[in-house]
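# Understanding the architecture of this molecule
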2 protein chains.
Amino acid sequence: MHSADPSPVHDPDQDQDQDQDQDQDQDQDQDHSDDQDHSDDHEDDHDDHDDHDQRQPDMVRFRAFSSVKPLVPPLNFAIVAPGVYRSGYPGKKNFPFLNKLGLKSILYLCPEPYVGDNAQFIGDQTLSLLHFPIHGNKEPFTHIPAATLRAALVALLDSRNHPLLIHCNKGKHRTGCLVGCLRKIQKWTVTSIFDEYQRFAGTKARILDQQFIEMFDTRELVYLLEHRPQWL
Amino acid sequence: MHSADPSPVHDPDQDQDQDQDQDQDQDQDQDHSDDQDHSDDHEDDHDDHDDHDQRQPDMVRFRAFSSVKPLVPPLNFAIVAPGVYRSGYPGKKNFPFLNKLGLKSILYLCPEPYVGDNAQFIGDQTLSLLHFPIHGNKEPFTHIPAATLRAALVALLDSRNHPLLIHCNKGKHRTGCLVGCLRKIQKWTVTSIFDEYQRFAGTKARILDQQFIEMFDTRELVYLLEHRPQWL
């Protein structure tokens, strides 16, 4: 599939030794930083490089990054494929996390328009909102319209929209159906598709959704070959 | 975060129209292909372009790909980050799927050596096997050795090993611990890390694993800054 890795085969024993070295370094660090302000760890690490020449110069302690604020991914966040993410409805506390993804568009599957913080977020970030209003499957009379879902898939398969985040309310049902149909295009077995669907839907898994995915006819899908993602 | 999308903002109504066009196209296709062999769909599509000038020339029907055999991802397969995948123990029926990932290495977390089909697979594909033998957490006396897990993380954070597949037996516990520790380095909140852990472990989630992830000290981690992945 690809050429041989030019780097030598990894030796876990060697790593073990390296790890012990790291532990020593860490002890030295602790002694060293006792009389320093902990908020100043980054500069502290730089000093360390000068003090301990036996350490490899291009290795850094993770602590340098530890002052960064925690990041909060949206509910049910995951990577679907390179450049395609999925989640529940993102809120203000998720925006710093989403910023790191460098999104170009949001593929939004609820009927309600984008308002408030979210509308401002896509404006601030100059994101394209790809809005495909869908009511989730609900027995006995509400069914996901196949034409709208096909249109959403066409937008999803256009790599000019990537990186892209798919979301609905919980990231379980409508998002699960769209991702399930994408997996059919990727030729995944139905067993694997349902396994993934259930991983996100959990106890809320809907037979109607799985029926929709199983019956979805990928042969009816027409999309831009020129702009399809590389992984397809 | 990034520059404005030069393409016009997406109009779902327009897509709806497009979708109807596609439906028409599909009807024409069906009429057209009635007197053709279905296994010859790809060529059929090419003929179609000549026959129906009103269709956008760079749009193709998905049907062209429908003769490809179904692909079987390994149990609990998912994308962790760009170039990093996770799963349960892959077997022979998963190899065509894994081939499509263009893997460079496999990060393997069970104590048993690689044998049989799997040993042959990594030989055939000239993959590097990064083997970090770990026994999963088990009450009361078996605990994942933090030093080995740190060594595995260092290999995982070296982008020269990517694309890389992490796997253990079920892709739940040992893999879940390694990915959980990676998420700590990515500064995810513990709530989000546990949510992801539980998505894969399901009813088999282990408190000891979650304890391990929570207590794991990222400050003790030393890795090659020069080769860290872009997404970190």
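Quick notes on the rules
- Residues numbered from 1 in each chain as written.
- Chains lettered and ligands numbered in written order.
- Predicted model: local features only at pLDDT ≥ 70, side-chain atom pairs only at ≥ 80, totals over all residues.
- Heavy atoms only, no water.
- Buried < 20%, exposed > 50% of the residue type's maximum accessible area, 1.4 Å probe, protein only.
- Helix = DSSP H or I, 4+ residues; strand = E, 2+ residues; numbered from the N terminus.
- Pairing = 2+ DSSP bridges.
- Salt bridge = Lys/Arg side-chain N within 4 Å of Asp/Glu carboxyl O.
- Phe/Tyr/Trp six-rings, centres within 6.5 Å; stacked < 30°, edge-to-face > 60°.
- Lys NZ or Arg CZ within 6 Å of the ring centre and 35° of its normal.
- Core = buried A, V, L, I, M, F, W, Y, C linked by side-chain atoms within 4.5 Å.
- Contact = heavy atoms within 4.5 Å.
- Axes fitted to C-alpha atoms, helices over the stretch in contact; angles between N-to-C directions.
- Parallel < 35°, antiparallel > 145°, perpendicular 65-115°, else oblique.
- Left-handed = near helix turned anticlockwise from the far one by under 90°.
- Polar contact = N/O pair within 3.5 Å; in protein donor to acceptor, adjacent residues only side chain to side chain.
- UniProt positions renumbered as here; feature names shortened; annotations may be inferred.

### Looking at the pairing of strand β3 (residues 84–87) of chain B
All names here are of chain B. Side chains Val84 and Arg86 of β3 all project onto a buried face; the interleaved residues Tyr85 and Ser87 project onto the opposite face, where all are buried too. Pairing analysis gives three bridges linking strand β2 (residues 78–81) to β3, with the strands arranged antiparallel. Note that in β3 the partner of Ala78 across the bridge is Arg86. The antiparallel hairpin formed by β2 and β3 contains two residues in its connecting segment, where Gly83 sits at a positive phi of about 80°.

### Brief notes about the pattern of salt bridges
Residues and elements named next belong to chain A. Within this structure, the stated rule accounts for eight salt bridges over all chains. Between Arg183 and Glu196 there is a salt bridge, and its shortest N-O distance comes to 2.8 Å. Of this pair, Arg183 sits in helix α6 (residues 174–185) while Glu196 sits in helix α7 (residues 190–201), and the two are 13 residues apart along the sequence. For the pair Arg183 and Glu196, one class covers both residues: buried.

### Points about the packing of aromatic side chains
All chains considered together, the criterion is met by 18 aromatic pairs over all chains. Ring geometry for Phe77 of chain B versus Phe97 of chain B: centroids 4.8 Å apart, planes at 85°, classification edge-to-face. In this pair, Phe77 of chain B is assigned in the loop between β1 (59–61) and β2 and Phe97 of chain B in helix α3 (residues 95–101), connecting sequence segments 20 residues apart. The exposure class of Phe77 of chain B is buried, given its relative accessible area of 6%. Clustering of aromatic rings is evident, with ring pairs tying together Phe77, Tyr85 and Phe97 of chain A together with Trp188 of chain B. Across from the ring centre of Trp188 of chain A, 4.2 Å away, lies the NZ or CZ of Arg183 of chain A, which sits over that ring.

### Thoughts on the nonpolar core
Formed by 110 residues in total, the largest nonpolar core has its most connected members in Leu107 of chain A together with Leu107 of chain B. In this structure, Leu107 of chain B is in contact with Leu130, Phe132, Ala152, Ala155, Leu156, Leu164, Leu165, Ile166, His167 and Leu178 of chain B, ignoring residues within four places of it in sequence.

### Brief notes about the packing of α6 of chain A against α7 of chain A
Residues and elements named next belong to chain A. Running from N to C, α6 and α7 point in directions that differ by 155°, and their axes come no closer than 10 Å. By the criterion of interaxial angle, the relationship of α6 to α7 is roughly antiparallel. Where α6 crosses over α7, the two elements pack in a sense that is right-handed. Here α6 contributes Gly176, Val179, Gly180, Arg183 and Lys184 to the contact with α7, which in turn contributes Ile193, Glu196 and Tyr197.

### As for the environment of Arg174 of chain B
Residue and element names in this part refer to chain B. Mapped onto the fold, Arg174 is located in helix α6 (residues 174–185). Arg174 sits in the buried class, given a relative accessible area of 14%. Expressed as a C-alpha distance, the spacing of Arg174 and Asn137, which sit 37 residues apart in the sequence, is 8.0 Å. Apart from residues no more than four positions distant in its own chain, Arg174 is found in contact with Leu109, Cys110, Pro111, Ile134, His135, Gly136, Ile144, Cys168 and Asn169. In this structure the side chain of Arg174 is engaged in a polar contact, spanning 2.8 Å, whose partner is the backbone oxygen of Ile134.

### Let's talk about the UniProt feature "domain: Tyrosine-protein phosphatase" (unreviewed entry) in chain A
The feature "domain: Tyrosine-protein phosphatase" (unreviewed entry), as given by UniProt, occupies residues 76–230 of chain A in the numbering adopted here. Helix makes up 39% of residues 76–230 of chain A and strand 15%. Its end C-alpha atoms lie 25 Å apart.

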